[in-house]
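# Overview (structure and organization)
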Amino acid sequence: MTKQSIYDQLKRPMRDLRLSVTDRCNFRCTYCMPKEIFGDDYAFMPKSELLSFEEMVRLASLFASLGVKKIRLTGGEPLMRRNLPELVGQLMHIEGIEDIGLTTNGMLLKTYAKDLYSAGLRRLNVSLDALDPEVFGKINGRGIKPEYILKNIDFAREIGFEIKMNMVVQKGVNDQEIIPMARYFKDRGITLRFIEFMDVGNDNGWSFEKVVTKKEIYEMLKDAFELEPVDPHYFGEVAKLYRYSDNDAQVGFITSVSESFCSTCTRARLSSEGKFYSCLFASNGFDFKKMLRDGASDDELREKICQLWDRRSDRYSDERTEWTARNKKKIGMSYIGG
């Protein structure tokens, strides 16, 4: 397949594909799928509406031919998609894909880690927002204790996975957990990334007042640890990284609110039902599933991907205001995978 690189209106290449494999999740995190909205009777998509693995692999191959080098599997909670290791194994064979990762809440790692590793997966991002059982139980909406997730992380590391941790920080909710989390994962040599609370979707009650900025978190860490900046590993790297001076562990900041990184965003997104989104904060997506099931050729699909990326000009985080955060209709994080 002929390879080419494509660029959007702001001269950003397409290098990363965020591939959601399901809209279902076993947590009800307050900043993503609050249980008041996603109740036990919430109607998720039926299997027939989801892209099949064959359709996902076909689209991923086309994206790879246009410059994508990295794929991240997301959800919902991706480990709730049946037979996921089978998909991983197929994606591993796509020419041009150099890295595949998976973002998970870690609840099902004990069940699927070995099969995922056997299929070729090596990198996991695990979400954990507190070490305090009461705080974490309230955030995840299910009363799940952090000890369970931490044991699953240890299990995955023993198998051989590289682990990075994600912590969404909210003022007055879990900001008191910043130092305990940093110390715990520093001692284990695991990178912890602090994520500023974002207004993804319209269901999480976001406001600027609830954001703990990178600067604020850094100042807290600086009082407890000595940190050294780390140069970016590649164009478009999201996290701003620092290394602890007394070991090789790193800490990172994802600063979508206080220090926008729109200018270097290289991410395309596919929902589990096959809709393409050019921004995490997009309102509408293009339906590739319809093209696939209407019999579109690879050339037609490639041409449409090129058209969509060519006219991409999204820079929501550069332009965010309190009004747009509250009033602009945005696709939900649980649907598009963050």
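Residues numbered from 1 in each chain as written. Predicted model: local features only at pLDDT ≥ 70, side-chain atom pairs only at ≥ 80, totals over all residues. Heavy atoms only, no water.

## Some words on the overall build of the protein
What counts, and what does not: Going along the chain from the N terminus, every DSSP run of H or I of four or more residues is numbered as a helix, and every run of E of two or more is numbered as a strand. Throughout, the radius of gyration refers to the C-alpha atoms, and the reference size of a globule is 2.2 Å times the residue count to the power 0.38. Relative accessibility under 20% of the residue-type maximum defines a buried residue, over 50% an exposed one, and the middle range a partly exposed one, all with a 1.4 Å probe and only protein chains included. Contacts: residue pairs with any heavy atoms within 4.5 Å of one another. Exposure was quantified through the Shrake-Rupley algorithm and a 1.4 Å probe, taking into account, for residues, occlusion by the shown protein chains and nothing else. Note on charges: Lys and Arg go in the positive column, Asp and Glu in the negative column, and His and the chain ends are not counted at all. A charge is said to be at NZ when it belongs to Lys, at CZ for Arg, at CG for Asp and at CD for Glu.
Of the regular secondary structure elements, the protein holds twelve helices and twelve strands. Its C-alpha radius of gyration of 19 Å places the protein within 12% of the 20 Å reference for a compact globule of 338 residues. Taking the principal axes of the C-alpha coordinates as reference, the protein spans close to 55 × 45 × 40 Å. Counting only residues that meet the buried cut, the protein has 57% of its 338 residues in that class. Restricting the contact set of the protein to residue pairs at least 6 apart, pairs at least 24 apart contribute 74%. Put simply, the protein shows about 15,000 Å² of open surface, and 47% of that area lies on carbon and sulfur atoms. Charged side chains in the protein number 52 positive and 51 negative. The centres of these two groups are separated by 2 Å.

## A look at the nonpolar core
Put simply, the rule reads: In this text, buried Ala, Val, Leu, Ile, Met, Phe, Trp, Tyr and Cys residues form a nonpolar core when linked through side-chain atoms within 4.5 Å.
If you look at the biggest cluster of nonpolar residues, it comprises 116 residues, and the most contacted ones within it are Leu73, Leu91, Phe194 and Leu221. With eight residues, the single largest contributor to this core is helix α1 (residues 53–65). Contacts of Leu91, omitting those with residues within four sequence positions, involve Leu19, Val57, Ala60, Ile71, Leu73 and Ile100.

## Considering the state of the cysteines
Basically, it comes down to this: By definition, disulfides here are pairs of cysteine sulfur atoms that lie within 2.5 Å.
Taken as a whole and assessed by the stated rule, the structure comprises zero disulfides. With no disulfide of its own, Cys265 lies 6.8 Å from the sulfur of Cys279, the closest cysteine sulfur. Cysteine Cys306 shares no disulfide, and the gap to the nearest cysteine sulfur, in Cys265, comes to 18 Å.

## Here's the deal with the sheet that holds strand β4 (residues 123–127)
Our working definition: In short, DSSP must find at least two bridges between two strands for them to pair. Helix axes are fitted to C-alpha atoms over the stretch in contact, other axes to C-alpha atoms as well, and angles between N-to-C directions run from 0 to 180 degrees.
Reading across from one edge, β7-β8-β9-β6-β5-β4-β3-β2-β1-β10-β11-β12 is the order of the twelve strands in this open sheet, with mixed pairing throughout. Of all strands in the sheet, those bounded by a partner on one side alone are β7 (227–229) and β12 (286–287). Of the pairings in the sheet, the one linking β4 to strand β5 (residues 162–169) comprises five bridges and is parallel in character. Note that in β5 the partner of Ser127 across the bridge is Asn166. On the sheet, helix α6 (residues 178–187) packs against β5, β6 (191–196) and β8 (240–244) and is oriented at approximately 155° with respect to β6.

## So, the packing of α1 against helix α2 (residues 84–91)
Selection rule: Oblique is the label for any angle not covered by the other classes, which are roughly parallel (under 35 degrees), roughly antiparallel (over 145) and roughly perpendicular (65 to 115). Crossing chirality is assigned from the near helix's rotation relative to the far helix, an anticlockwise turn below a right angle marking it left-handed and a clockwise turn marking it right-handed. Residue type decides the class: Asp, Glu, Lys and Arg count as charged, Ala, Val, Leu, Ile, Met, Phe, Trp, Tyr, Cys and Pro as nonpolar, and the leftover types, Gly among them, as polar.
Where α1 meets α2, the closest approach of the two axes is 10 Å, and the angle between their N-to-C directions is 25°. Accordingly, the angle class assigned to the pair α1 and α2 is roughly parallel. For the pair α1 and α2, the sense of crossing is right-handed. Of α2, the residues touching α1 (which contributes Phe53, Met56, Val57 and Ala60) are Leu84, Glu86, Leu87, Gln90 and Leu91. Here the residues of the contact of α1 with α2 sort into seven nonpolar, one polar and one charged.

## With respect to the packing of α6 against helix α7 (residues 214–224)
Their axes nearest at 10 Å, the elements α6 and α7 cross at an angle of 60°. Taken together, the axes of α6 and α7 lie oblique to each other. For the crossing formed where α6 meets α7, the hand is right-handed. From α6, Ile178, Ile179, Ala182 and Arg183 reach across to α7, where they touch Ile217, Met220, Leu221 and Ala224. Looking at the contact of α6 with α7, its residues break down into seven nonpolar, no polar and one charged.

## Quick notes on helix α4 (residues 133–140)
Test applied: Polar contacts, as used here, are pairs of N or O atoms within 3.5 Å; protein pairs need one atom able to donate a hydrogen and one able to accept it. Residues neighboring in sequence count only if both atoms are side-chain atoms.
Restricting attention to buried positions, one finds in α4 the residues Val135, Phe136, Gly137, Ile139 and Asn140. The inward-facing, buried residues of α4 contact α5 (146–159). At the N-terminal boundary of α4, the capping side chain belongs to Asp132, with an oxygen 3.0 Å from the backbone nitrogen of Glu134. One or two positions beyond α4, positive phi appears at Gly141, with a value near 75°.

## A look at α1
Quick reminder of the rule: By this rule, a helix spans an expected 1.5 Å times one less than how many residues it contains.
With 13 residues, α1 extends 18 Å from end C-alpha to end C-alpha; this agrees with the ideal 18 Å at 1.5 Å per step. Along α1, ten of the 13 residues are buried, which leaves the element largely enclosed by surrounding structure. When α1 is considered as a whole, its buried residues turn out to be Phe53, Glu55, Met56, Val57, Leu59, Ala60, Leu62, Phe63, Ala64 and Ser65. Positive phi shows up at Gly67, right after α1, with a value of about 120°.

## Describing unusual backbone geometry
With omega at 15°, the peptide bond leading from Gly75 into Gly76 counts as cis. Tracing the sequence through the fold places Gly76 in the loop between β2 (70–74) and α2.

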